[in-house]
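As a plain string of letters, each chain reads:
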Amino acid sequence: MDSDEQAEDFDRLFRSTFRRVLAYCLRRLSETAAHDAVSEVYAVAWRKRRRLPDDEHEAALWLLGIARKVVANQTRGQRRWARLLRRVAEQPGPAVSSAETPELSEAMAGLSADKQELLRLAYWDDLSRADMAALYGISVAAVSTRLHRARQELRSRLAAADAHGMKTRDETKVGTHHGKQ
């Protein structure tokens, strides 16, 4: 394949996957960082284009695999930056995904990074277990087990937060009721 054909194939791949890769990055990073990450994803993909799978679906998964690593690198960089800012007494606020409610964001924040990633891949990025297994390089059964555990922990955290919220509301009602007597 000559360089013109490679460029055309890559251009087609870019046009067919850009929105999906951007959405993946936006769910994990700030808007500016997500756009930087997408640029890096396609720069890495171009450099490694000889490894590009022929199948369009596999190529999209390959790009998401690259995006996963780029996001992880950016996240590490952001953590280093945050530590530096704390050293000079500036406290940056955490970015909240627009797709998450405050309750869900709080519950997700309590999960390990791996569990958060699994849940986001399954429910925000709508990947199948087989696709997730390909992305992680593990079996579908392992993905199912890990996803089940992540959902259980998230459900437990949401239920605990809801129970705490209901308890607070009930205590307020009880206090009001006793105050009227």
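As shown above, the structure is provided for reference.
Okay, so let's go over this structure. Note that the structure is predicted; figures quoted are calculated from it, not measured.

## Let's talk about the packing of aromatic side chains
Move 1: As enumerated under the stated definition, the model contains 4 aromatic pairs in all.
Move 2: Ring plane angle 45° and centroid distance 5.2 Å describe the contact between Phe-14 and Phe-18, whose orientation is recorded as tilted. Taken as a pair, Phe-14 and Phe-18 lie in helix α1 (residues 3-26) at a separation of 4 residues, close to a single helical turn.
Move 3: Looking at Phe-14, the relative accessible area reads 32%, which means it is partly exposed.
Move 4: An angle of 75° between the planes, with centres 4.8 Å apart, marks the rings of Phe-14 and Tyr-42 as edge-to-face. Placement of Phe-14 in helix α1 and of Tyr-42 in helix α2 (residues 31-47) is noted, with a sequence separation of 28 residues between them.
Move 5: Classification of Tyr-42 as buried rests on a relative accessible area of 7%.
Move 6: Chaining the aromatic ring pairs together yields one cluster made of Phe-10, Phe-14, Phe-18, Tyr-42 and Trp-46.
Move 7: Its guanidinium or amino end placed over the ring of Tyr-24, Arg-28 lies 3.7 Å from that ring's centre, counting from NZ or CZ.
Move 8: In this structure, Arg-49 packs its charged tip against the face of Trp-46, placed 3.8 Å from the ring centre.

## Digging into the environment of Arg-129
Move 1: Inspection of the secondary structure assignment puts Arg-129 in helix α6 (residues 129-136).
Move 2: On the basis of relative accessible area, Arg-129 is assigned to the partly exposed category, the value being 34%.
Move 3: Along the sequence, Arg-129 and Leu-118 sit 11 residues apart, while their C-alpha atoms lie 9.7 Å from each other.
Move 4: When neighbours within four sequence positions are excluded, Arg-129 is seen to be in contact with Val-140, Val-143, Ser-144, Leu-147 and Arg-151.
Move 5: Among the polar contacts made by the side chain of Arg-129, one reaches the side chain of Ser-144 at a distance of 3.3 Å.

Reading the values: the criteria
Every chain begins its residue count from 1, and numbering advances along the sequence as written. This being a predicted model, a pLDDT of at least 70 is required before a residue's local features are given, and a value of 80 or more before pairs of side-chain atoms are given or counted; all residues contribute to the totals for chains, interfaces and linings. Based on all heavy atoms of the structure, the side-chain values leave hydrogens and waters out of the count. Aromatic pairing here means that ring centres of Phe, Tyr or Trp (its six-membered ring) are within 6.5 Å. Orientation follows from the plane angle: under 30 degrees is stacked, over 60 is edge-to-face, and everything else is tilted. Elements are defined by DSSP. Helices are runs of H or I of four residues or more, strands are runs of E of two residues or more, and each kind is numbered from the N terminus. Note on classification: 1.4 Å probe, protein chains only; a residue is buried when its accessible area is under 20% of the maximum for its type, exposed when over 50%, partly exposed between these limits. Counted as over-ring charges are cases with an Arg CZ or a Lys NZ within 6 Å of the ring centre that also lie within 35 degrees of the ring normal. Between two residues, a contact is recorded if the distance between any of their heavy atoms is within 4.5 Å. Counting of polar contacts relies on pairs of N or O atoms within 3.5 Å, with two restrictions inside protein: one atom must be capable of donating a hydrogen and the other of accepting it, and residues adjacent in sequence are counted only when both atoms are side-chain atoms.

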